[in-house]
Amino acid sequence: LAYYNNQTTNNNYIVAIANVGGQATGFQKKLDASNNIPAGSWVNIGSSGLPSNYTDDTQPVFTYATNQLIITFPSSTQVKPLAWQATANIYQLSQDPNLPNATMDAYYNNILFVAGNSSNPWRVSFSDLTNGIGVWVATDFFDLDKNNGHYITALIPAFGNLYIFEDNSIWM
């Protein structure tokens, strides 16, 4: 579950990803004026671009960035980061061909960082520094030690730093 505040409309939502027959599917509920979750059914916000091999044990990563809810999935089927703004269904974050597949993300200092690409498990890619999170340059990345045989497990912005966790170490 994720809490999302649309700053344009000042509406608040709860967003969930559920397993519908093995297909990851997004659902939302708009909170009422008292910020309570209203009774009734959830609104389907789509499954396009979401993993088709989704299990209940696969928890998505939700990040709030530039009035968008960014969603990545730790999944064996690599997908590009997705987004939602309470205006339509979930969509691919950017159509930029340089947007990498990712299983995790973090928004720090107005930059979206992504990692978890199975082709480069030691790589952290980041959005364009001047044009926002929708623009990706193929050379905007850094690699941790490629030769140590380890892989990135989490990206966490905290205490004025971006912490990058590997299976045996922490970088900042």
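Scroll up to find the structure.
Quick look at the structure, then. (Residues numbered from 1 in each chain as written. Predicted model: local features only at pLDDT ≥ 70, side-chain atom pairs only at ≥ 80, totals over all residues. Heavy atoms only, no water.)

## Looking at the overall build of the protein
A tally of helices and strands in the protein yields 0 helices and 15 strands. Taken over the C-alpha trace, the protein has a radius of gyration of 16 Å; the compact-globule value for 172 residues is 16 Å, and the two agree within 12%. Taken over the C-alpha atoms alone, the protein extends approximately 55 × 35 × 30 Å along its principal axes. Surface exposure of the protein reaches about 8800 Å², of which carbon and sulfur atoms provide 51%. Distance between charge centres in the protein, computed from 5 positive and 11 negative side chains, equals 8 Å. (Helix = DSSP H or I, 4+ residues; strand = E, 2+ residues; numbered from the N terminus. Rg over C-alpha atoms; globule rule 2.2 N^0.38 Å. Areas by Shrake-Rupley, 256 points an atom, 1.4 Å probe, with all protein chains shown as cover. Lys, Arg positive; Asp, Glu negative; His and termini not counted. Charge placed at Lys NZ, Arg CZ, Asp CG, Glu CD.)

## Details of the layout of surface pockets
For the largest pocket, the calculated volume is near 170 Å³. When residues of the lining of the largest pocket are traced back to their parent elements, those giving at least two are strand E10 (111-115) and strand E11 (123-126). At 3 residues, E11 tops the list of elements feeding residues into the lining of the largest pocket. Looking at side-chain class alone, the lining of the largest pocket contains 8 nonpolar, 6 polar and 2 charged residues. (1 Å grid on protein atoms, 1.4 Å probe; cavity = no way out; pocket = protein on both sides within 12 Å on 5 of 7 lines; lining within 4 Å. Points joined across faces, edges and corners; volume = space filled by probe spheres on them. Nonpolar A, V, L, I, M, F, W, Y, C, P; charged D, E, K, R; others polar.)

## What about the pairing of strand E6 (residues 68-72)?
Of all 5 residues that make up E6, 5 are buried, and the element is covered over most of its length. Alignment of strand E5 (residues 61-65) against E6, held across 5 bridges, turns out to be antiparallel. What sits directly across from Phe62, in E6, is Ile71. Count of turn residues in the E5/E6 antiparallel hairpin: 2 residues, of which Thr66 carries a positive phi of about 45°. As paired strands, E6 and strand E7 (residues 82-84) are joined by 3 bridges and run antiparallel to one another. Note on E7: the bridge partner recorded for Ile71 is Leu82. (Buried < 20%, exposed > 50% of the residue type's maximum accessible area, 1.4 Å probe, protein only. Pairing = 2+ DSSP bridges.)

## Quick word on the sheet that holds E6
Strands sit in the order E5-E6-E7-E8 across an open sheet of 4 strands; the sheet is antiparallel. On the outer flanks of this sheet lie E5 and strand E8 (91-92), each paired with one strand and no other.

## As for the packing of aromatic side chains
With the rule as written, the count across this model stands at 6 aromatic pairs. On the basis of an interplanar angle of 90° and a centroid distance of 5.3 Å, the ring pair of Tyr13 and Trp84 is categorised as edge-to-face. Of this pair, Tyr13 sits in strand E2 (residues 11-20) while Trp84 sits in strand E7, and the two are 71 residues apart along the sequence. One aromatic cluster is present, built from ring pairs that chain together Tyr4, Tyr13, Tyr64 and Trp84. When the ring centre of Phe141 is taken as reference, the NZ or CZ atom of Arg123 above it lies at 3.6 Å. (Phe/Tyr/Trp six-rings, centres within 6.5 Å; stacked < 30°, edge-to-face > 60°. Lys NZ or Arg CZ within 6 Å of the ring centre and 35° of its normal.)

## Description of the environment of Trp42
You can see Trp42 is positioned in the loop between strand E3 (23-30) and strand E4 (43-46). Judged by relative accessible area, which is 34%, Trp42 ranks as partly exposed. Contact partners of Trp42, with chain neighbours within four places excluded, come to Leu1, Ile14, Ala16, Phe27, Gln28 and Lys29. (Contact = heavy atoms within 4.5 Å.)

## Structural notes on the nonpolar core
Core analysis: the biggest nonpolar cluster contains 16 residues, and Val15, Ile17, Leu50, Phe73, Trp84 and Ile90 have the highest contact counts within it. Those elements giving two or more residues to this core turn out to be strand E1 (2-6), E2, E6 and E7. What Ile17 contacts, discounting residues up to four positions off in sequence, is Ala24, Thr25, Gly26, Leu50, Tyr54, Pro60, Phe62, Phe73 and Ile90. Listed in part, the 13 residues of the second largest apolar core include Met104, Ala115, Val124 and Leu144. (Core = buried A, V, L, I, M, F, W, Y, C linked by side-chain atoms within 4.5 Å.)

## Considering the pattern of salt bridges
A complete count under the given rule lists 2 salt bridges for this structure. Asp143 is the partner of Arg123 in a salt bridge, and the nearest nitrogen-oxygen pair spans 2.7 Å. With Arg123 in strand E11 and Asp143 in strand E12 (residues 141-143), this residue pair connects regions lying 20 residues apart in the sequence. A salt bridge links Lys146 to Asp143; the shortest N-O distance between them is 3.6 Å. Lys146 sits in the partly exposed class, given a relative accessible area of 46%. Judged by relative accessible area, which is 26%, Asp143 ranks as partly exposed. (Salt bridge = Lys/Arg side-chain N within 4 Å of Asp/Glu carboxyl O.)

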